[in-house]
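# Structural features, examined
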Amino acid sequence: MYNSRKKPMEETPEEITVIWSCTSDTCKGWMRDNFAFSAQPTCSLCGSVMEKSEKKLVVLVNSSFPPTKSS
Ligand SMILES: [Zn+2]
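Residues numbered from 1 in each chain as written. Predicted model: local features only at pLDDT ≥ 70, side-chain atom pairs only at ≥ 80, totals over all residues.

A few words on the overall build of the chain. A count of helical and extended segments in the chain gives 0 helices and 3 strands. The buried share of the chain, reckoned over its 71 residues, is 4%. Taking all contacts inside the chain whose residues are at least 6 apart in sequence as the whole, residues at least 24 apart take part in 50%. (Helix = DSSP H or I, 4+ residues; strand = E, 2+ residues; numbered from the N terminus. Buried ≥ 20, exposed ≤ 12 C-beta atoms within 10 Å, placed from the backbone. Contact = placed C-beta atoms within 7 Å.)

Right, let's talk about the pairing of strand β1 (residues 14–22) for a bit. Bridging between β1 and strand β3 (residues 50–58) involves 9 bridges; their strand directions are antiparallel. Following the sheet pairing, Cys22 is matched in β3 by Met50. Pairing analysis gives 3 bridges linking β1 to strand β2 (residues 30–32), with the strands arranged antiparallel. Note that in β2 the partner of Ile19 across the bridge is Arg32. (Pairing = 2+ DSSP bridges.)

Right, let's get into the sheet that holds β3. Ordered by their spatial adjacency, 3 strands build an open sheet running β2-β1-β3, and the pairing between neighbours is antiparallel. Lying at the two open borders of the sheet, with one neighbouring strand each, are β2 and β3. Strand-to-strand twist of the sheet, defined as the mean angle between neighbouring strand axes without regard to direction, takes the value 40°. (Axes fitted to C-alpha atoms, helices over the stretch in contact; angles between N-to-C directions.)

Turning to the environment of Thr26, a few remarks are in order. Note that Thr26 resides in the loop between β1 and β2. Judged by the 7 C-beta atoms lying within 10 Å of it, Thr26 falls in the exposed class. Separated by 20 residues in the primary sequence, Thr26 and Cys46 have C-alpha atoms spaced 9.5 Å apart.

So this is what it looks like as structure tokens:
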């Protein structure tokens, strides 16, 4: 069955993204590295220490955010 390889147009691009994931086994908390505001963030759900990890995520297309400009 190879005819299902063709993917629909709405396929969203994904990339391996650096994230922080909660070290608690019972917690699924994680955040994107660019959303972390400190070098060692803590989980916003349970307050546990977070560890750096990687996750395949849909690429964020943030059109409202202006590109880096030298001002
Ligand atoms: Zn947590």
